[in-house]
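# Remarks on the overall topology
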Amino acid sequence: MRIAAPAACMPRWPHSALPAELAPATARLRSHLLDLIRPDGTLHSPCRSRVLESALLLALLDRARLELPARSRLAAYLSLHCNSPEPLDQLMARAALHHRPGPAGLLDVEQFLARTPDFTGPRKRALLHAVLTLLDAAPTADEIATAPEASSLLGLHTWARVQVTAVKAVLAHARGHRLIDKGDLELLRSTQRPGTVWEANLLIHLSVLHALLPVPGQYPVVVEGVKTALQHQRPDGGMPFICDEDTWVTATAGVALHAAGAAASVMDLIARRLVALQHPAGGWSYTDGVQLPDVDCTSVAVEVLHLADPDAYRAPLRRALRALHALRGKDGGFPTYLTGAPSEACMTAAAANALSTQGPAYHHEFETAMSYLASQQRPDGSFPPDWSSSRLHTVSRAVLAASHHPRRGPDSPAQHIIRKAVRLVADCQNADGGWGQQDGDASDALSTAYALTALTTQNTPGPATRGAAYLLTQQQSDGSIASIPDSIGPRPFGFTVPALADVFTLLALGHLTRRLEPAPCRIPPVTNADKGQGVIRSSPARHGPAQAVPERGARGGSEGTRSAVANSAAGRRPPCSPPSGRRHADRAAHPPVTFRQKTGMRR
């Protein structure tokens, strides 16, 4: 997702092409994100409440006959969603509160499930069926009938194995079949530890408790599990899908902050935190304490370490690249979690961006990833469903990956990807200048940020001018960005991590700014007058080692982070000079990491 070295034939845009407010808006947003960074380098953004988990917990309290003070808060949260514009949320909220159901046919099951990749369809159909069964809202005539393969554990990662097992037990109990076999019981019980939500996933945690409740002897486990879940009840009374996804958010923010000219000490702080979170095998998971790594987090972390200092982080980069290479499919694509699982376009774009940091060492892997992406791109320029409800998410990441191709001939897969994607973006711009998640949807900041990022690969500003103007209208007084969420998990259920709108908007603004003609500073430094503390220098170059980071003050924002940046500012070139240091070049002068150096193997 990082900024690519501009092609020699690509002209700079005039400053008049973009709104005059771009520079101060970028500085405010960058400052807002820096305020979220903790002293250890983590950008913390808790997952917000969701109707799905809130309804499941309320139903569990009722089924287990547990009268707890938290119940009234749960009910109050759900009551706010009884008339939600989202059909599934309305259906679940009404069912959990035992209200009259909404209009018949409120939920179009097939349309909802169409937002999942084909290979996950049977499992997600079974999950939806189980949820509605637990809420006494399952359609009549077995309208969501599940296929036998929905219960198969073959080739599934650990989260899916537990979720499928819980769903199987819930549906079996509802049909009056035997409750659960010994192996399934052991698997479900293995996820229950007082005070800890397994893999930080509240949906799986609550699903397991529902599956265990009818099993003789498991009531104490369920009661303890409810107590554990309630530790994560949000201030609004609802329950989240996951506790947070801070590792993913932190890594993505690192790329965005670099694009927007954050100081090298900030990059080092984030990079050190990511190194501390790296798994022994080389990958990263979405948050601390989660055992299952994924391609997305690993790929973006690779980009951050490369941007921060490819020499200093050479060892963790080597481990990460080996982990990515191990997941590569025979088709040249990459799955989300497991070797041998179906490749996905979005994950392949993420991995290609990471592989491109290594230049010729991974040329073959990068080329085959481009070929896979080109094969998955639809005639209209979009890609199959991914982990976002916005079709422009994968589009933007594929364009960025393709833009790192060192030789984009007119007939190359990379150029075909860019050409088709940009045509889609240009064709679906709304009258207000923004873009929506799907064709015909109202504009939102996240989809607009994705679109603008893709458009920065073009020779002329074109629709980016109006798009940037729309995006700036979504900035709030504190510098943050207002947007509907686009994250989904498990697919196709949406959830909200608020900082992602800030992160992807900053990334887009950084890409836009780097397309402008050289000129006096377009992203002014944050000064004492702006924030009443510290000085932010926006140069991404580093001269000398990073300084120690002092502890943050009681105010809680980014005082420690800002102090670290200020300590490293002396002697640095002007904030808006183009990046020129060896460590920030896309093709570094040092030899790239190779498997051959580590293992002697021939690829």
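Above this note sits the structure.
Attention in this report is confined to the structure presented alongside it. All of these numbers come straight from a predicted model, not from anything done at the bench. (Residues numbered from 1 in each chain as written. Predicted model: local features only at pLDDT ≥ 70, side-chain atom pairs only at ≥ 80, totals over all residues. Heavy atoms only, no water.)

## Some thoughts on the overall build of the protein chain
In terms of helices and strands, the protein chain carries 24 helices and 6 strands. Taking all 603 residues of the protein chain together, the buried fraction comes to 59%. In the protein chain, of all internal contacts separated by at least 6 residues, the share reaching a separation of at least 24 is 72%. Total accessible area on the protein chain stands at roughly 23,500 Å², and carbon and sulfur atoms take up 54% of it. (Helix = DSSP H or I, 4+ residues; strand = E, 2+ residues; numbered from the N terminus. Buried < 20%, exposed > 50% of the residue type's maximum accessible area, 1.4 Å probe, protein only. Contact = heavy atoms within 4.5 Å. Areas by Shrake-Rupley, 256 points an atom, 1.4 Å probe, with all protein chains shown as cover.)

## A look at unusual backbone geometry
The residue after Gly489, namely Pro490, is reached through a cis peptide bond having omega -15 degrees. Tracing the backbone shows Pro490 in the loop between strand 5 (487–488) and strand 6 (494–495). A cis amide bond, omega 10 degrees, links Arg491 with the succeeding residue Pro492. Tracing the backbone through its elements, the reader meets Pro492 in the loop between strand 5 and strand 6. Even without a glycine there, the phi angle at Asp136 is positive, about 55 degrees.

## Details of the packing of helix 17 (residues 392–403) against helix 18 (residues 413–427)
For the pair helix 17 and helix 18, the least separation of the axes is 9 Å and the interaxial angle reads 145 degrees. Between helix 17 and helix 18 lies a crossing of left-handed hand. Two secondary-structure elements touch here, helix 17 through Leu392, Val395, Ala398, Val399, Ala402 and Ser403 and helix 18 through Ala414, Ile417, Ile418, Ala421, Leu424 and Val425. Split into classes, the residues belonging to the contact of helix 17 with helix 18 amount to 11 nonpolar, 1 polar and no charged. (Axes fitted to C-alpha atoms, helices over the stretch in contact; angles between N-to-C directions. Left-handed = near helix turned anticlockwise from the far one by under 90°. Nonpolar A, V, L, I, M, F, W, Y, C, P; charged D, E, K, R; others polar.)

## Points about helix 4 (residues 87–96)
Among the 10 residues in helix 4, 8 count as buried, and that is most of the element. Of all the residues in helix 4, the buried ones are Leu88, Gln90, Leu91, Met92, Ala93, Arg94, Ala95 and Ala96. Packed against the buried residues of helix 4 are helix 2 (51–63), helix 3 (70–79), helix 5 (109–113) and helix 6 (121–134). Phi for His98, located one or two positions after helix 4, is positive at around 60 degrees.

## So, the environment of Pro335
Tracing the backbone through its elements, the reader meets Pro335 in the loop between helix 14 (314–327) and helix 15 (345–355). For Pro335, a relative accessible area of 1% gives the class buried. Sequence-wise, Pro335 and Ala345 are 10 residues apart; in three dimensions their C-alpha atoms are separated by 8.4 Å. Other than its neighbours up to four places away in sequence, Pro335 contacts Val295, Leu327, Ala341, Pro342, Ser343, Glu344 and Met347.

Geometric descriptors of this kind do not, in isolation, establish any biological role.
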